[in-house]
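Fold and geometry: a report
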Amino acid sequence: MPPDEPPLNFIENIFEQLERSPDRPVLQEIRGEQVVSVTGGELLAQVRVARSFLQKAGFQNGDRCALLAHNSIRWVAADLALMAEGIIVVPLYARQAPAELVAMMKNSTPRLICCGESALGESIARARSGAPRLVSLDEVFAARDVVDAQRRLASQAPAPREPQDLVTIIYTSGTSGEAKGVCLTVANLDHMLACTTQRLDELMGPATRPDRVFHYLPFNFAGSWILMLSCLSRRSLLSLSTDLNKLADEIPVAAPDYFLNVPTLLERVRRGVEENLRKRGGFALPIFEKAWQGFLRNADGQRRFSDTVYRIVAGLAIFPRVRKRFGPHLRALICGSAPLSRETQLFFNMLGIRVLQVYGLTETTGICTMDDPRGRVEPGCVGPAIPEVEMILGENQEILVHGPNLFPGYWNRPEETARVLRDGWFRTGDQGEVNAAGNWRIVGRIKNLIILNSGHNIAPEPIEDVLRELLPGAQHVVLAGNGRGYVTALVTGDASETAMKSALETVNRNLPHYKQVRSFHLLREPLTIENGMLTANGKLKRDAIAARFAAEIDALYQRKTA
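Residues numbered from 1 in each chain as written. Predicted model: local features only at pLDDT ≥ 70, side-chain atom pairs only at ≥ 80, totals over all residues. Heavy atoms only, no water.

With that settled, the discussion passes to the sheet that holds strand 23 (residues 474-480). Spatial strand order, 23-24-25: three strands in an open sheet with mixed pairing. Edge positions in the open sheet fall to strand 23 and strand 25 (517-522), since each of these has one partner strand only. Between one strand axis and the next, the sheet turns by 25° as a mean value, whatever way the strands run. Relative to strand 24 (residues 487-493), strand 23 runs antiparallel, the two being bridged by six bridges. (Pairing = 2+ DSSP bridges. Helix = DSSP H or I, 4+ residues; strand = E, 2+ residues; numbered from the N terminus. Axes fitted to C-alpha atoms, helices over the stretch in contact; angles between N-to-C directions.)

Written out as structure tokens, the structure reads:
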């Protein structure tokens, strides 16, 4: 590039990378035993077809288009086409309730909704009269447009973009209240992709072949989308899951070097390993348990010769079977969306599987901190701040962030923007701690604080995490007690009263009196996205849970305390 020309922006970099890989597979879908892939050249051809469709539809730079579909090669091609045309992408979650999707579209007012399945479009049409025009991805990529697209767009570069131009509006999960549309700019993406690609280069070392990356998280989540764009910016082969119920079968097919996870999946894997060992019994179970307890002691600085022996035996007889599930090339599991418990991170470390954590919010372009694969990774921490990003603690240990990753504001919500963006600092709403090495730990959410009528403030998340650790069958533990005299708990999943009482005895022993959980209720009804108790990425909607189970919670305060 001549020295007087400006550097390429993120979308230009992606197009250049694809153009350099005309015959190399860059994306593939795993469909059972069949794998469908596209090369860089084939993906660009699909992008050209979609751009031709958008131009014929009369789109102009700055218009908005909603993308409502499950992950697929076509989703990626449509996304690239929209960004290349200067159209603002509004990615929506295919599993979201129609009423919530309608609220997002009323806020963002897209000119067009691209749907992956007709049923998705029909559900929107039923929920809202006068909805924007709906088209299927089949229409967008219709074969009759291919020749015209190749002729008109064969060498067309992405439309020029300024750093401040909006690229996307991504709606936050909305743990309380209505979801807000987070605006992200070209400058946000330029900085973030520079950081992520550098960190992935450090993880992989000198390139001898394209990275193998497995992906199952929906692209409408900021972190998931950033990883997808990072892979397209590098020499990677990104394998897309097409059936979340078959992840265990798909991962060995992809044989990844790394992939992005949420804590829920890693905790489920851990529970599955432990349950299988308990069912099998025999010598493996006591060996495993002694290796695990020894590993925990070692992590706390206590070393015993017998612990080393048990860990070596388990490493030869048990751990390889678990690692085999992730394929032969695994370098690391990357975990985001919510903090992963220290115990679960140590569990995978014991198996010989490295887990790297990232932390961030949609408002911070998905990421604030990342574990450094070359440095000391501390289990339970989410790593240091990424380059050029400052993080400090404000009132109530709230994490404040400043840097080029900060969003300019919420779409059409100036008051909400002013509430969280002050003097160039973003109020995350997360409580945190930072140690001398610069590694951050997430304690909880400020708005989740339980304030007892005694005035004591309690972060529920650490206690909930410990209780879940002690209750392998529990799916969710939710503490209550705001404005009350003591703390209580709601528990879902396969947990007995006996197990819960035993867990409470263990937990309460190490808590001050005001944090102790005095009573509990076992819920038969699960907490799900579909029944409105969880956000789109699986976080607790605490206000909705409190309202739905108000009678059960009230009853806990009419009983004798434990």
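Next, the rest of the story.
Take helix 1 (residues 10-19) next. Buried within helix 1 are the following residues: Phe 10, Ile 11, Ile 14, Phe 15, Gln 17 and Leu 18. Seen end-on, helix 1 carries its buried residues on one side only, within an arc spanning 160°. Of the surrounding elements, those touching the buried residues of helix 1 are strand 1 (25-31), helix 2 (40-56), helix 3 (73-84), strand 7 (166-171), helix 8 (186-204) and helix 9 (222-233). Between a side-chain oxygen at the N-terminus of helix 1 and the backbone nitrogen of Ile 11 the separation is 3.2 Å; the capping residue is Asn 9. (Buried < 20%, exposed > 50% of the residue type's maximum accessible area, 1.4 Å probe, protein only. Arc of directions from axis to C-beta. Contact = heavy atoms within 4.5 Å. Polar contact = N/O pair within 3.5 Å; in protein donor to acceptor, adjacent residues only side chain to side chain.)

Let us look at the nonpolar core. Residues Phe 10, Leu 43, Leu 80, Trp 225 and Phe 348 are the most contacted members of the largest nonpolar core, which totals 122 residues. If you tally residues by element for this core, the top one is helix 3, at ten residues. Apart from residues lying up to four places away in sequence, Trp 225 is in contact with Trp 75, Asp 79, Met 83, Val 167, Thr 168, Ile 170, Leu 184, Leu 189 and Phe 219. Counting 20 residues, the second largest nonpolar core, distinct from the first, contains Leu 452, Val 477, Leu 479 and Leu 504. (Core = buried A, V, L, I, M, F, W, Y, C linked by side-chain atoms within 4.5 Å.)

All told, the structure shown has 13 aromatic pairs when counted by the stated rule. Aromatic side chains Trp 292 and Phe 347 sit 5.8 Å apart centroid to centroid with 80° between the ring planes, which places their arrangement in the edge-to-face category. Highlighted residues: Trp 292 in helix 12 (residues 284-299) and Phe 347 in helix 15 (residues 342-350), separated in sequence by 55 residues. Residue Trp 292 shares its accessibility class with Phe 347, and that shared class is buried. Ring centres 5.7 Å apart and planes at 85° place the aromatic pair Phe 347 and Phe 348 in the edge-to-face group. Each member of the pair Phe 347 and Phe 348 is classed as buried. Three or more aromatic residues joined by ring pairs form one cluster here, namely Phe 288, Trp 292, Phe 319, Phe 347 and Phe 348. A cation sits over an aromatic face here: Arg 111 above Phe 59, 5.0 Å from the ring centre. (Phe/Tyr/Trp six-rings, centres within 6.5 Å; stacked < 30°, edge-to-face > 60°. Lys NZ or Arg CZ within 6 Å of the ring centre and 35° of its normal.)

This paragraph deals with the pattern of salt bridges. Should their charged atoms come close, side chains of opposite charge can pair. In the structure shown here, the tally under the stated rule is 24 salt bridges. Arg 51 is the partner of Glu 85 in a salt bridge, and the nearest nitrogen-oxygen pair spans 2.7 Å. Within this pair, whereas Glu 85 is found in the loop between helix 3 and strand 4 (88-92), its partner Arg 51 is found in helix 2, the two being separated by 34 residues in sequence. Of the residues examined, Glu 85 reaches a relative accessible area of 13% and is grouped as buried. Here Glu 274 ties to Arg 270 by a salt bridge, and the two come within 3.3 Å at their closest N and O atoms. With Glu 274 and Arg 270 both in helix 11 (residues 263-280), this residue pair falls four residues apart, about one helical turn. Among the charged side chains, a network of salt bridges with common partners joins Arg 199, Glu 202, Asp 372 and Arg 374. (Salt bridge = Lys/Arg side-chain N within 4 Å of Asp/Glu carboxyl O.)

Right, let's talk about unusual backbone geometry for a bit. The backbone of Ser 337 sits at a positive phi, close to 80°, despite the residue not being glycine. By the element assignment, Ser 337 lies in the loop between strand 12 (332-335) and helix 15. For Asn 396, which is not a glycine, the phi torsion comes out positive at approximately 60°. Position of Asn 396 relative to the elements: it lies in the loop between strand 15 (390-393) and strand 16 (398-402).

A few words now on the pairing of strand 8 (residues 181-185). Across the five residues of strand 8, five count as buried, placing the element largely inside the fold. Burial of the side chains of strand 8 extends over both faces: Gly 181, Cys 183 and Thr 185 are buried on one face and Val 182 and Leu 184 on the other. In this sheet, strand 8 lies alongside strand 7 in antiparallel orientation, the contact comprising five bridges. Among the inter-strand pairings, Ile 170 is bridged to a residue of strand 8, identified as Val 182. Across two bridges, the pairing between strand 8 and strand 17 (residues 409-410) is antiparallel. The partner of Val 182 across the bridge, within strand 17, is Tyr 410.

Backbone hydrogen bonds are what pair the strands of a sheet, in a parallel or an antiparallel way. The eight strands lie next to each other as 2-1-10-9-11-12-13-14, forming an open sheet whose pairing is mixed. The two strands at the open ends of the sheet, each matched to only one other strand, are strand 2 (34-39) and strand 14 (369-370). Pairing geometry for strand 1 and strand 2, over six bridges, is antiparallel. Looking across to strand 2, one finds that Gln 28 is bridged to Ser 37.

What follows deals with the packing of helix 2 against helix 3. The N-to-C vectors of helix 2 and helix 3 enclose an angle of 55°; their axes lie 8 Å apart at closest approach. Between helix 2 and helix 3, the angle falls in the class oblique. Seen from above, helix 2 lies across helix 3 with right-handed handedness. For the pair formed by helix 2 and helix 3, the contact residues are Leu 43, Gln 46, Val 47, Ala 50, Arg 51 and Leu 54 on the first element and Ile 73, Arg 74, Val 76, Ala 77, Leu 80, Ala 81, Leu 82 and Ala 84 on the second. Tallied by class, the residues present in the contact of helix 2 with helix 3 amount to eleven nonpolar, one polar and two charged. (Parallel < 35°, antiparallel > 145°, perpendicular 65-115°, else oblique. Left-handed = near helix turned anticlockwise from the far one by under 90°. Nonpolar A, V, L, I, M, F, W, Y, C, P; charged D, E, K, R; others polar.)

So, about the environment of Gly 360. Within the secondary structure, Gly 360 is located in the loop between strand 13 (355-359) and strand 14. The class of Gly 360 is partly exposed, set by a relative accessible area of 27%. Discounting residues that sit within four places of it in the chain, Gly 360 has contacts with Gly 366, Ile 367 and Cys 368.

Further remarks concern the packing of helix 1 against helix 9. Where helix 1 meets helix 9, the closest approach of the two axes is 8 Å, and the angle between their N-to-C directions is 45°. Of the possible angle classes, the one that applies to helix 1 and helix 9 is oblique. Mapping the contact onto sequence places Phe 10, Ile 14, Gln 17 and Leu 18 in helix 1 and Leu 229, Leu 232 and Ser 233 in helix 9. Across the contact of helix 1 with helix 9, the residue classes tally to five nonpolar, two polar and no charged.

Okay, a nonpolar patch on the surface next. A surface patch of nonpolar side chains, about 290 Å² in accessible area, is lined by Phe 305, Val 309 and Val 313. Along the polypeptide, Val 313 turns up in helix 13 (residues 305-317). (Patch = residues over 30% accessible without salt bridge, like charges linked within 9 Å, V, L, I, M, F, W, Y side chains within 5 Å. Areas by Shrake-Rupley, 256 points an atom, 1.4 Å probe, with all protein chains shown as cover.)

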